[in-house]
Amino acid sequence: MSFSLISLSSSLTSNSILLTKSVSELSSPSSNARTYYCNNPSLFIRAPAHSHHRSTRSLPINSNSNFSSMSSGRDACYTDGWVDPSTRSASANDDLGVSDSDDDEVRQEPECHDNGPSSPLPDRWHVLGLGQAMVDFSGMVDDEFLNRLGLEKGTRKVVNHEERGRVLRAMDGCSYKAAAGGSLSNTLVALARLGGHSMGGPSLNVAMAGSVGSDPLGGFYRSKLQRANVNFLSAPVKDGTTGTVIVLTSLDAQRTMLAYQGTSSRVNYDPCLANLISKTSILVVEGYLFEFPDTIKTIAMACEEARRCGALVAITASDVSCIERHYDDFWDIMSNYADIVFANSNEARTFCHFSSEESPVSATRYLSHFVPFVSVTDGPKGSYIGVKGEAVYVPPTPCVPVDTCGAGDAYASGILYGLLHGVSDLRGMGSLASKVASIVVAQQGTRLRVQDGVKLAKSFTFHHESLGMWSDVGSDQISSL
């Protein structure tokens with residue numbers, strides 16, 4: 001059996017981490033881990049909720065911003081792709097015995113902020129994501145390794161605790177990478193990096209809620225997002241085990257994935273989550289959460305609270321098969337609560353019960369009759385933004401594709417960034433999103449790098465004198481686009 005470390009030597013492609021503790025040690029619950037998770041009590045302090053009404057749902061935006069034109073080239077580009085769970089995150093050495101090849105940091109402008117007692121959490125969040133919190137393990141294997149474990153190459157399956165333990169024990173002593181994974185976390189990290197301090201104005205406040213266990217992997221997940229300026233605000237589940245996705249890539253580039261849901265499948269609606277939503281401008285719900293009946297109830301209550309407090313609700317489609325299995329649940333949430341829907345062309349057609357021959361523009365137009373703002377990506381062909389039964393075509397941003405994984409996640413971050421800055425030109429907003437996606441597609445890995453986020457932000461023309469001035473814009477603005 002050969003199991004080799006995916007190269008961390010390239011400063012352009014590697015920002016994952018190399019774990020030095022054994023996998024089984026990291027993934028087993030530990031009473032000592034509880035102290036690690038709770039060493040920052042300010043993470044669990046909740047400020048009083050603000051009062052809002054649906055009629056005045058608001059986004060804190062810069063009302064006088066616009067974007068300059070994008071550069072062009074001759075090579076094809078992608079604006080969407082299959083989301084590879086083997087994501088990467090910026091990180092540094094931490095208490096889990098993790099050694100790091102963190103070439104993603106901007107050394108002169110450190111990304112992480114201290115959220116300790118001397119640096120309290122903000123009063124409001126620009127974006128709060130509600131989704132699955134899972135740690136990805138990835139490594140190279142040969143066919144003999146897969147055969148010995150009875151794994152079918154190229155498949156994705158959900159495994160139980162015992163089967164996960166069997167695979168993790170087989171990986172002990174081997175080299176592999178780990179990352180705070182997930183489609184939603186990709187979007188949130190990209191948004192935080194776009195909305196940093198690089199433009200001299202206030203940064204975007206980005207957070208995530210979900211479910212991690214009180215095991216070392218839960219602390220690892222929280223730490224990695226924190227270092228990327230995304231605050232993971234949910235307390236760990238006592239004696240719970242954090243969800244994982246094991247990604248085994250064989251020499252012929254086929255990926256075999258084993259998903260263990262752990263506590264990530266149980267996201268409860270409680271006063272802490274309700275309080276977070278009451279302080280949020282945009283709530284983004286990850287479509288993968290629809291896989292779990294109890295979590296669907298949480299989604300409905302979270303969206304209802306968002307509506308009551310004046311927050312916008314965005315839904316990510318996530319996966320065609322997930323939509324097919326939970327079609328009615330998706331539509332119940334979308335038709336009653338959603339202001340924004342993110343989907344690729346196949347997911348959009350699935351929502352509409354359209355055949356594969358139907359064009360994505362038709363699906364975009366159809367969906368926009370039910371949801372005020374619809375974003376549909378169509379890979380290298382471009383993308384569409386739908387409003388009031390009409391669809392605006394956004395040409396792709398030229399690039400040389402390297403890895404299409406995570407392109408849709410990056411695109412969503414550009415749309416959210418545009419909305420938060422009050423961009424009213426749909427094509428300009430889509431061009432921004434396409435540019436962000438093209439940067440991710442042109443690299444190895446699914447995360448927008450810090451330095452690229454800074455460059456993208458600086459490449460857009462703002463009225464600098466008004467960066468610190470925010471206006472109230474919400475569903476009324478979306479409906480007027």
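Above this note sits the structure.
Residues numbered from 1 in each chain as written. Predicted model: local features only at pLDDT ≥ 70, side-chain atom pairs only at ≥ 80, totals over all residues. Heavy atoms only, no water.

**With respect to the environment of C399**
Move 1: By the secondary structure assignment, C399 is in the loop between β18 (390-394) and α13 (407-420).
Move 2: Measuring from C-alpha to C-alpha, the distance between C399 and S438 comes to 6.1 Å, with 39 residues separating the pair along the chain. (Helix = DSSP H or I, 4+ residues; strand = E, 2+ residues; numbered from the N terminus.)

**Notes on the sheet that holds strand β10 (residues 230-232)**
Move 1: Sheet architecture is open: nine strands sit in the order β10-β9-β5-β13-β14-β15-β16-β17-β18, paired in mixed fashion. Each edge of the sheet is formed by a strand with only one pairing partner; in this case those strands are β10 and β18. Averaged over all neighbouring strand pairs, the angle between strand axes comes to 20°, with direction disregarded. (Pairing = 2+ DSSP bridges. Axes fitted to C-alpha atoms, helices over the stretch in contact; angles between N-to-C directions.)

**Description of the environment of D143**
Move 1: Topologically, D143 is positioned in helix α3 (residues 143-148).
Move 2: Along the primary structure D143 and K153 are separated by 10 residues, whereas in three dimensions their C-alpha atoms are 7.9 Å apart.
Move 3: In this structure D143 touches K153 and S250, once residues within four positions along its chain are discounted.
Move 4: A distance of 3.3 Å separates polar atoms of two side chains, one belonging to D143 and the other to K153. (Contact = heavy atoms within 4.5 Å. Polar contact = N/O pair within 3.5 Å; in protein donor to acceptor, adjacent residues only side chain to side chain.)

**Some remarks on the side chain of T397**
Move 1: Relative to the elements of secondary structure, T397 occurs in the loop between β18 and α13.
Move 2: When its relative accessible area of 5% is taken as the criterion, T397 is described as buried.
Move 3: Among the polar contacts listed, one links the side chain of T397 to the side chain of S434, at a separation of 2.9 Å. (Buried < 20%, exposed > 50% of the residue type's maximum accessible area, 1.4 Å probe, protein only.)

**Let's talk about the pattern of salt bridges**
Move 1: Enumeration according to the criterion identifies seven salt bridges in this entry.
Move 2: A salt bridge links E144 to R148; its shortest N-O distance comes to 3.6 Å. A residue pair is termed a helical-turn pair when its members lie 3 or 4 positions apart in one helix, as E144 and R148 do in helix α3 at four residues.
Move 3: Among the salt bridges present, the one from R166 reaches E163, with a minimum N-O distance of 3.8 Å. Of this pair, R166 and E163 both sit in helix α4 (residues 161-171), three residues apart, roughly one helical turn.
Move 4: Each member of the salt-bridge network shares a partner with another, and the members are K157, E163 and R166. (Salt bridge = Lys/Arg side-chain N within 4 Å of Asp/Glu carboxyl O.)

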